[in-house]
Amino acid sequence: MTGKLLSKWDSRNVGFGCSHATQGYGLGLAIACGDASEVGVMARLSMERRPPSRVGKHLQQVTYYAIVLGIFLFFLVLFTLSADKQSMITTSQVNTCLAIALIPLFLPSLLYLGLVRTQRILKEKEYYVRNLEAVSTLGLSTVICADMRGTMTMQQMRVSEIFVDADLLRVQNLNLEEVGPRFIELIRSSLLCNDAVFCPGSVGVPVEKKSIYGSSYDSALLKFGLTLIPNVDQLRCDHEKVANLSYNSIDHVHVTVHKIRLENGGSRHILLMKGYADVVLSHCSTYAVSDEELLLDEPLKQTIGNLSTRLMEAGRHVRAFAYKEILSDVERRRFCQVNLGRDSTPGRYRDFLSVNIFSLRFLGLIATHNPPHANIAQSVFKCRSAGVKLVIITRAKATFARALAMSVGIIAPPTSDGVDIPDSSMKRHQVSAAVVSMDEYVEHKMHHQRWKVEQLLLAHPQLVFAMVNVEQNHMIVETCQRLGAVVTVMGYSVHDTPALRRAHVGVAKSGCSTTSHFGADILLTDSPFSKLVAAIEVSRLLFENTKKALAYCLATNTALILVHVSFFLVKIPLRIFVMQVFIISIFVNLLPGLTLLFERAEEKLMKQKPKIFDDFLLNRRLLFVSCILVGIIEAAAVFIMYFLFMARNGFLPRTLVGLNFKWYDETVTDITDSYGQEWSPKSRQRLDCQVSAICLMTLAAMQCTNLMLTRTGRANLLSHGFSNICLNLAIVYLICICVLVPHVDFPHCLRLVGGTELVFFWWYIWPLVSLLAFLETARRYLLRRFPGSWLELETFY
């Protein structure tokens, strides 16, 4: 037998052996339970392990760095320990200072405060971030999977066209005072076969301004019906609803039965149906036009069906309405019989669908329009410019999905001859975009569907998947990740929850289902897709500024390492004390470095491709610039200032070699300088304090210059501007450190005696500061002058 296989959810007749109700009656039959049910599938898929976030990768990188650092320090201690007790104490102190210096004390604070800073920015723009790690991962997104309804549309449905009396009426050109009785009958039916109700608690509010609870389509019908029938509550009271079959995705119809009381005390029942045009037409046999009732033959059904299809191709939500008066006493008795439960409370009316729901009278079509946001086309274009692939996943039909995709610029409109030929106004990605109806593959095995989706993702730059179920939605997201993409999923319904949990970043809008709300990492308000594109830009700026702050903080490590190496290899008495290390890490590096998080973007971040293959804070280019180019200059400044200061106090460079352990030995009193003067342990300690202050002031001055230059990675500093007030204050703060450190009494190891040392520092530091500023400015100029050169490949982080 050939033909399309149906799943258990679409089958009209499902029968099982040994499943009969032997006593009483059965309200339903369970054909799936546990993991096989729809809820079980969603629960199982939602519990799968999520992929790691960008912050998780960074923390893993820091863990590897800590392991390598521990191994390095272990072997360093073995090679530097000495048998002499005094030398062993000094060696242990120097190694401890180096270990503390190499530990990135500033990194956790930079990451956390950067995420908090970005979260605050997003909160000001009406974003609610539930997962801080998602803030950083969002900027790395290469694929966005979204449903157009609720994300790209305004979610403000309004009635646009009405087909009644064999005539298609445009609501915007409609004169409500000249409508006929068939039009009024259709509107009354749309208000009765309708689950939308006014929200309680709005007493005294005008009817047209009251909040409505219900589906978007039913709410649109209720709002439009108020223009003709203001007293909807009285209409529904006069037509008591005695049975209701709510709309579902399996039957695609909504059926209600109403009881109308007559003046003579009797009553009559009417049946109303609303649903897809093809389904409703299959239950209809007549069509009322004006005062006559026509036979609804196949050509007329085909004409009405074609009209419905054309409206759907125009992006309209179309529903057909039908009517029938129940005249048979047998059918009427079914609605008069009440099922009483065990607690003697009235139950619901049963078996109402056993009423003959065929031979209905077709009333007409009502189409609603859910317009896209005004700036959605610009957001889609901006998303493409940023190198992000759009994958639309919707449960709607392919015809309707194509129409919405055309309205937002994802797919180019077809030409008159039906062939997509690009013109000057069309983009290549619009022409090569595809709309795929996934219900054609629902009976295929999942790995076959996955292979097909992979081929589609690789072949088309933009894709629209229609008629997607829960498992297919989850599979599409997983397939994108298997191809190496960083996926952001936007959803709002309960069916989107597994995909939200599977994605790297789950985004939902306010007012979504409860499961989507708790499964999402970020919640957006109105115009979610436009806001998502703006959030990606904010996240990218966070990553760029974090790298700048890290490059600034790492610049002092080279000086600290070379000081340690010179102590053991050259054997000069130059040490960085523990107190100095903490002051440098916190007050010189961390606090000023945090101000770089407030720096504005120097380039158009949404014109760049996602840095998915360079997703590392500590990359080789950053380390090269920070530790080699800038770090060596700062280390050279420290050694130059040290040797000049020691020479000023009588110790020429050649006399310092070999004094590393003797200098700190309090039992040694016969150390003489280049002029024959002897230095006691107390005088050497005082000189050590002065050297410590000079070294700290040198690093602070060099870092002040480095902070000014790190504002930009390539742009001209003057054209970039100095709008970051926090960074400007940080520069003043570093200058104050250079001025105030020599005048404080705590810690004692930083005390400078006399003002001549301060004059000496300012006299010799400015050439070194100028050298750093000149070299880094020249490097940025060459980066702008020769884009794509070797210098950019090796130094632009």
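For clarity, every value in this text was computed on a predicted model and none was experimentally measured. Note that residues are indexed from 1 along each chain, following the sequence as it is written. Confidence filtering applies because this is a predicted model: local features only for residues at pLDDT of at least 70, side-chain atom pairs given and counted only at 80 or more, and all residues used for totals across whole chains, interfaces and linings. Heavy atoms from the whole structure form the basis of all side-chain values; hydrogens and water molecules are not counted.

### Focus: the overall build of the chain
Phase 1 of the analysis: When its secondary structure is counted, the chain shows 27 helices and 21 strands.
Phase 2 of the analysis: Considering the chain as a whole, with its 797 residues, one finds that 51% of them fall into the buried category.
Phase 3 of the analysis: Within the chain, counting contacts between residues at least 6 apart in sequence, those at least 24 apart form 72% of the total.
Phase 4 of the analysis: Accessible area for the chain stands at about 38600 Å²; split by element, carbon and sulfur atoms hold 59% of it. Working definition: helices are DSSP H or I runs of at least four residues, strands are E runs of at least two. Numbering for both runs from the N terminus. Relative accessibility under 20% of the residue-type maximum defines a buried residue, over 50% an exposed one, and the middle range a partly exposed one, all with a 1.4 Å probe and only protein chains included. In what follows, a contact means two residues having at least one pair of non-hydrogen atoms within 4.5 Å. Each accessible area is a Shrake-Rupley estimate made with a 1.4 Å probe; only the visible protein chains count as cover when residues are assessed.

### Overview of the environment of A322
Phase 1 of the analysis: Residue placement: A322 occurs in strand β12 (residues 316-326).
Phase 2 of the analysis: With a relative accessible area of 1%, A322 lands in the buried category.
Phase 3 of the analysis: When near neighbours in sequence (up to four residues on either side) are disregarded, A322 contacts L271, L272, M273, V280, C284, L360, R361, F362 and L363.

### Regarding the environment of E325
Phase 1 of the analysis: Here E325 lies in strand β12.
Phase 2 of the analysis: For E325, a relative accessible area of 31% translates into the label partly exposed.
Phase 3 of the analysis: Considering only alpha carbons, one finds E325 and V257, 68 residues apart in sequence, at a separation of 9.4 Å.
Phase 4 of the analysis: Apart from residues no more than four positions distant in its own chain, E325 is found in contact with R268, H269 and I270.

### Examining the environment of I583
Phase 1 of the analysis: Relative to the helices and strands, I583 resides in helix α20 (residues 578-594).
Phase 2 of the analysis: Placed 113 residues apart in sequence, I583 and L696 show a C-alpha to C-alpha distance of 8.5 Å.

### Remarks on the pattern of salt bridges
Phase 1 of the analysis: Salt bridges are counted wherever a side-chain nitrogen of Lys or Arg sits within 4 Å of a carboxyl oxygen of Asp or Glu. Taken as a whole and judged by the stated rule, the model has 19 salt bridges.
Phase 2 of the analysis: The closest approach of N and O atoms between R711 and E599, which form a salt bridge, is 3.6 Å. Remark: E599 occurs in the loop between α20 and α21 (620-648) and R711 occurs in the loop between α23 (681-709) and α24 (717-720); sequence separation between them is 112 residues. The same class applies to R711 as to E599, namely buried.

### Quick notes on the sheet that holds strand β19 (residues 522-524)
Phase 1 of the analysis: By definition, two strands form a pair when at least two bridges between them are found by DSSP. Spatially, 8 strands are ordered β1-β19-β18-β17-β2-β14-β16-β15 in an open sheet, and the strand pairing comes out mixed. Strands at the two margins of the open sheet, each flanked by one partner only, are β1 (127-129) and β15 (434-437). If you compare each strand with its neighbour and ignore which way they point, the axes differ by 20° on average.
Phase 2 of the analysis: Relative to strand β17 (residues 487-491), strand β2 (residues 143-146) is paired through 4 bridges, and the arrangement is parallel. Structural elements are reduced to axes, namely lines fitted to C-alpha atoms, with helices fitted over the stretch in contact, and the angle between N-to-C directions of any two is expressed from 0 to 180 degrees.

### Side note on the side chain of R450
Phase 1 of the analysis: Following the sequence through the fold, R450 ends up in helix α15 (residues 446-459).
Phase 2 of the analysis: With a relative accessible area of 17%, R450 lands in the buried category.
Phase 3 of the analysis: The residues touching R450, leaving out its near neighbours within four places in the chain, are M475, E478, T479 and R482.

### Points about the pairing of strand β8 (residues 253-261)
Phase 1 of the analysis: By the criterion of burial, β8 is predominantly enclosed, with 7 of the 9 residues buried.
Phase 2 of the analysis: Where strand β7 (residues 239-245) lies against β8, 6 bridges are found, and the strand directions are antiparallel. Bridging from a neighbouring strand, N244 pairs with T256 of β8.
Phase 3 of the analysis: Of the pairings in the sheet, the one linking β8 to strand β9 (residues 267-275) comprises 9 bridges and is antiparallel in character.

### Quick notes on a nonpolar patch on the surface
Phase 1 of the analysis: A contiguous nonpolar patch, built from Y64, I67, I71, F74, F75, L78 and F79 and spanning about 810 Å² of accessible area, is present on the exposed surface.
Phase 2 of the analysis: With respect to the helices, strands and loops of the structure, Y64 is situated in helix α2 (residues 54-80). Two distance rules govern patches: like charges are joined within 9 Å, and nonpolar side chains (Val, Leu, Ile, Met, Phe, Trp, Tyr) within 5 Å, applied only to residues with over 30% relative accessible area and no salt bridge.

### Some words on the pairing of β12
Phase 1 of the analysis: Summarising burial for β12: 10 of the 11 residues are buried, a large majority.
Phase 2 of the analysis: With 7 bridges connecting them, β9 and β12 associate as antiparallel partners. Its bridge partner lying in β12, L272 is registered against Y323.
Phase 3 of the analysis: The pairing of β12 with strand β13 (residues 360-369) spans 8 bridges and is classified as antiparallel. Bridging from a neighbouring strand, A322 pairs with F362 of β13.

### Things to note about the UniProt feature "transmembrane region" (unreviewed entry) in the chain
Phase 1 of the analysis: Mapped onto the present numbering, the UniProt feature "transmembrane region" (unreviewed entry) falls on residues 62-81, 93-115, 576-601, 622-645, 691-709, 721-744 and 750-775.
Phase 2 of the analysis: As annotated, residues 93-115 comprises 83% helix and 0% strand, and the C-alpha atoms at either end are separated by 36 Å.
Phase 3 of the analysis: Helix makes up 100% of residues 622-645 and strand makes up 0%, while its end C-alpha atoms are separated by 32 Å. UniProt positions are given in the numbering used here, feature names are shortened, and annotations may be inferred rather than shown by experiment.

### Remarks on the packing of aromatic side chains
Phase 1 of the analysis: Only centres within 6.5 Å qualify two rings of Phe, Tyr or Trp (six-membered ring in Trp) as a pair; their planes then separate them into stacked at under 30 degrees, edge-to-face at over 60, and tilted for everything else. Taken as a whole and assessed by the stated rule, the structure comprises 12 aromatic pairs.
Phase 2 of the analysis: Taking 6.3 Å as the distance between ring centres and 25° as the angle between the ring planes, the aromatic pair formed by F163 and Y287 counts as stacked. Residue F163 is located in strand β3 (residues 158-164), and its partner Y287 is located in strand β10 (residues 284-289); the two are separated by 124 residues in the primary sequence. Across the pair, Y287 and F163 agree in class, each one buried.
Phase 3 of the analysis: With a centroid separation of 5.2 Å and 75° between ring planes, the pair formed by F651 and W663 is classed as edge-to-face. Taken together, the residues F651 in the loop between α21 and α22 (653-656) and W663 in the loop between α22 and β20 (671-672) connect sequence positions 12 residues apart. One exposure class covers both F651 and W663, and it is buried.
Phase 4 of the analysis: A network of ring pairs unites the aromatic residues F567, F568, F661 and Y664 as a single cluster.
Phase 5 of the analysis: Either the NZ atom of lysine or the CZ atom of arginine qualifies as a charge over a ring when it sits within 6 Å of the ring centre and within 35 degrees of the ring normal. Its end group placed over the ring of Y217, R319 keeps NZ or CZ at 5.4 Å from the ring centre.

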